[in-house]
Structures are given as structure tokens and as C-alpha cells.
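What follows is each chain in one-letter form.
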Amino acid sequence: MKKIGAGIIGLGVGRQHALAFAAHPDCRVAHLCDSDPAQRAWAEKQHPDAKFSTDARDLIGDPAVDVVAVASYDDDHAGQILAALKAGQHVFAEKPLCTRAEDAAAIRAELARHPELRLSSNLILRRYPVFRELQSRLRAGELGEVYALEGDYNYGRLHKLTEGWRGRSADYSVILGGGVHIADLLLWLVGAPAEEVYSLGNAFASRGSAFPGPDYACSLVRFRGGAVGKVSANFGCVHPHFHNVSVYGTRATFTHGPAGTFLHTSRDPAVAPPRLDLHYAGCANGDLIADFIEEILGRGRAEVNAEDVFRCMELCFAMEKSLRSRVPLAVTRL
Ligand SMILES: NC(=O)c1ccc[n+]([C@@H]2O[C@H](COP(=O)([O-])OP(=O)(O)OC[C@H]3O[C@@H](n4cnc5c(N)ncnc54)[C@H](O)[C@@H]3O)[C@@H](O)[C@H]2O)c1
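Residues numbered from 1 in each chain as written. Predicted model: local features only at pLDDT ≥ 70, side-chain atom pairs only at ≥ 80, totals over all residues. Heavy atoms only, no water.

The next point concerns the packing of helix α5 (residues 101-112) against helix α11 (residues 306-325). Between α5 and α11, whose axes approach to 10 Å, the crossing angle comes to 165°. If you check the angle between α5 and α11, you find them roughly antiparallel. Once α5 is placed against α11, the crossing between them reads as left-handed. The residues of α11 that touch α5, namely those facing A101, A104, I107, R108 and L111, are A306, E307, F310, R311 and F317. Here the residues of the contact of α5 with α11 are counted per class, giving 7 nonpolar, no polar and 3 charged. (Axes fitted to C-alpha atoms, helices over the stretch in contact; angles between N-to-C directions. Helix = DSSP H or I, 4+ residues; strand = E, 2+ residues; numbered from the N terminus. Parallel < 35°, antiparallel > 145°, perpendicular 65-115°, else oblique. Left-handed = near helix turned anticlockwise from the far one by under 90°. Contact = heavy atoms within 4.5 Å. Nonpolar A, V, L, I, M, F, W, Y, C, P; charged D, E, K, R; others polar.)

Right, dumping it as C-alpha cells:
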């Protein structure tokens, strides 16, 4: 069988994509691209059989590339994804899929014109062992009926906003850049689309820097069926990178915080909740890629499929719009 050829645009986190494609027995890294020519040395050392280019247009449409991983800056994703789909290539996109709802709609329409193509996005929290365990306990009914879910994306890397490309982007969104992970996680856990949101935010932590903010955003979300969610994107926090997650059900409460992971099954303060000895992260940024290749090969289902990506993005666009307009909004379906 001919191996699937992978092309990767952007060799920051994209290096981890390249590793994951190279590790799959039915895949080969065919083409690497980075606009920074200094990345050529890494590319040639790690993937000597792959082409290297500095212009994504050389990779998109390259007949040796069947699947394109888009790991460029957020503002470049939409154009590259659309071009790859038009060229008949599958797409694995870094998050956020794109930065504007119109672009997401255009991507959706282009994908519909190519039913043979697959699209996914690197919404990696679904792979974290602790959240997989939570998901299976939810599905088994251990928590009862879920009525509230809360998640904080504590970024803990303020310098990446005030010094890096994120801060130089005209309207960088902490919701699209970080809250997107929590939005996807809550959608996956609750198993229902979001219908209504209200966001508030501020920019205390980055005050005085070139970053125009907000660097903190907090959104309330109502999911179909009535469960309520809270999603925060806290880029300026004085705290190491961490994802707090609590899920409240009618029978039990799951909490995951810096002090550990617990399943509370009693309201009695004398009853200590059992501590769940779970691995928190323990996965790499390319870990969704193997399943995506299986879906491309028709042998399985990607952990994050195109519908999941659009559900997540429509929620994030509504959260972002509410943050800017300061009014509650209905989520517009993509
Ligand atoms: N899923 C995750 O958890 C996760 C983690 C980190 C980054 N990301 C996403 O990955 C993307 C890249 O972020 P990063 O942290 O790797 O940034 P980075 O600055 O570390 O690396 C980006 C690389 O892409 C190159 N590049 C940028 N635009 C390009 C273009 N149009 N064509 C060719 N090369 C281009 C840059 O030269 C740079 O080498 C962003 O969209 C970011 O949100 C996702």
C-alpha cells in the first residue's frame, strides 16, 4: 500500500506533528514548510527524505502530500486550510481552526464539496488521561445527571502574549487561542451543543504592555438540555500552566485542580472524597494524529472529527462576540 504523504506548515508545535506522522506505519513525512529559513537545518536533520520549502504554496498542491498539517500562526490557518482542501488534501489544523466565523463557514462549505476529505483540529485535552477517565465515568452514569461544568485554561505564560507573535496579531483572542481547548472539552463531556453564551473579560495582567487585551475572558454557556458551563481563558495568571476542571452531577462531583483529582460522592464534610490517582497530561501534541490517519484510511473514527471542530468553533466565536459586545448571545450554527 502506498504510504500517506504528510506535509507540515510551521515547525514550532508542527515538529510534534511531524514526529507523529513519521511514527505511523502507513504514513511518511513528505514535505516540511516554514517561512523561517533557519528551520531548514532541523527539517533536513530530522526528516532527510522530506522536501523543505519556505512558502506554504509550494507544499499545498504538492502531489506527494495527501494530508496537510497547518501549524502556522492563527491568522494564516484559514487561507492555508481552504487552499489545501481545494487541492484535494486532508487537513489536520492546529487550534484555532481559524479566527473568523466567515472563514469557518467557508471551510465547512469547501469540505462539503469534497466528501472524500477529512478535517480535524488539535483539540488535545480529549487525550489527557485524566479527562478520558472523567468521560468514561460520565458515560457510565457515575456522576448522575450533569448540570454544571467548569473549566479554566490557566495559561501561565504571559510573556507569550506580550512578547511573541500572539501579541503582534492585530486582534489576538485568548478565547480562540486557549479557551478553545476548554470549550471543546466541555462540549465533549456534556455531549450536547452550546446554545447561549455571555462573556466578560479584562486586561489587568498585561496592562502597560503592547498587548491590547483582554488577557482574561470568562464565559457562561448554556448547553442544549440545560447544563450550564463556565469557560475561562486566563492568560495573565500568576500560576503554572494548568487546566482546572469540575463537573457537577446529581450523584457525584468530579474536581481536578492543582491539589489533585477527586470524586466527591457525599455532602458529609466528615467523608473524605476518594483521590483518583490519575495521570494528568501524559500525552504529546501529536497524539490525535494516529486516529486521524486511521479515519483517512477508512479504518476508524478520528477522536476529533470535522463536526466536533465546527461545534467548538461556533461556540468560541459566540463567546468572543459576546466578550466584545458585552451582551448575551445565541450561538449561531456553522
Ligand atoms: N494544540 C496545542 O495545544 C497548541 C500548542 C501550541 C501551539 N498551538 C498552535 O500552533 C500554531 C503555531 O504556534 P507555535 O506555538 O508552534 O508557534 P511558534 O512561533 O513556536 O512556531 C510557529 C512556526 O511557524 C512558522 N510559520 C508561521 N506562519 C507561517 C506561514 N504562514 N507559513 C510557513 N511557516 C509559518 C514560524 O516561522 C514558526 O517557525 C498556532 O496556531 C498555535 O495556536 C497549539
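Taken together, 24 residues lie near the ligand, and V13, D34, D74, D76 and E94 sit nearest. With respect to the ligand, the side chain of Q39 contributes an N or O atom lying 3.4 Å from an oxygen atom. Side-chain polar atom of H77 to an oxygen atom of the ligand: 3.0 Å apart, as the coordinates give it. Alone, the ligand offers 840 Å² of accessible surface; in the complex the protein occludes 83% of this. The element contributing the most residues to the shell around the ligand is helix α4 (residues 74-86), with 4 residues. (Near = heavy atom within 4 Å. Polar contact = N/O pair within 3.5 Å; in protein donor to acceptor, adjacent residues only side chain to side chain. Areas by Shrake-Rupley, 256 points an atom, 1.4 Å probe, with all protein chains shown as cover.)

Interface size, as often reported, equals the accessible area lost upon joining of the parts. The domain architecture assigned to the protein chain consists of domain 1 (4-117) and domain 2 (126-282 + 313-330). Computed from C-alpha coordinates alone, the two centres of domain 1 and domain 2 are separated by 28 Å. In this assembly, 11 residues from domain 1 lie in contact with 9 residues from domain 2. Surface buried jointly by domain 1 and domain 2 totals about 840 Å² across both partners, of which 69% is contributed by carbon and sulfur atoms. Looking at the side of domain 1 facing domain 2, the largest losses of area belong to Y73, D74 and K95, adding up to 49% of the total buried there. At the surface where domain 1 touches domain 2, the tally comes to 0 salt bridges. (Domains from an automatic or database assignment. Buried area = accessible area lost by both parts, 1.4 Å probe. Salt bridge = Lys/Arg side-chain N within 4 Å of Asp/Glu carboxyl O.)

Once that is clear, we can look at the nonpolar core. Counting 102 residues, the largest nonpolar core has F21, L32 and L97 as its most contacted members. Looking at which element gives the most residues to this core, the answer is helix α9 (residues 174-190), with 12 residues. Residue-level mapping places this core at the junction of two domains, with at least three residues from each of domain 1 (4-117) and domain 2 (126-282 + 313-330). Ignoring sequence-local partners within four residues, the contact set of L97 consists of H77, A78, I81, I107, L119, S121, V309, F310 and M313. (Core = buried A, V, L, I, M, F, W, Y, C linked by side-chain atoms within 4.5 Å. Buried < 20%, exposed > 50% of the residue type's maximum accessible area, 1.4 Å probe, protein only.)

With 12 residues, α5 extends 17 Å between its outermost C-alpha atoms, agreeing within 8% with the 16 Å of an ideal straight helix rising 1.5 Å per residue. Restricting attention to buried positions, one finds in α5 the residues D103, A104, I107, E110 and L111. The buried residues of α5 occupy one face: seen down the axis, they fall within an arc of 125°. (Expected span 1.5 Å × (residues − 1). Arc of directions from axis to C-beta.)

Time to look at the sheet that holds strand β6 (residues 119-121). Within the open sheet, the 6 strands sit side by side as β3-β2-β1-β4-β5-β6. Their pairing is parallel. The sheet terminates laterally at β3 (51-53) and β6, the two strands that pair on one side only. Going from strand to strand, the sheet's axes swing by 20° on average, the running direction of each strand aside. (Pairing = 2+ DSSP bridges.)

Moving on to the pairing of strand β12 (residues 253-257). Summarising burial for β12: 5 of the 5 residues are buried, a large majority. Sheet topology note: the strand β11 (residues 242-249)/β12 ladder contains 4 bridges and is antiparallel. For S246, the partnering residue across the bridge sits in β12 and is T255. Where β11 folds back onto β12 in an antiparallel hairpin, the turn is made up of 3 residues. Linkage of β12 to strand β13 (residues 260-264), two consecutive antiparallel strands, is achieved through a turn of 2 residues.

Moving on to the sheet that holds β13. The strand order across the open sheet formed by 8 strands is β13-β12-β11-β7-β10-β9-β8-β14, and the pairing between neighbours is mixed. A strand with exactly one partner marks an edge of an open sheet, and here the two such strands are β13 and β14 (329-330). Seen against the sheet, helix α6 (residues 129-139) touches β7 (146-154), β11, β12 and β13 and runs at an angle of roughly 10° to β11.

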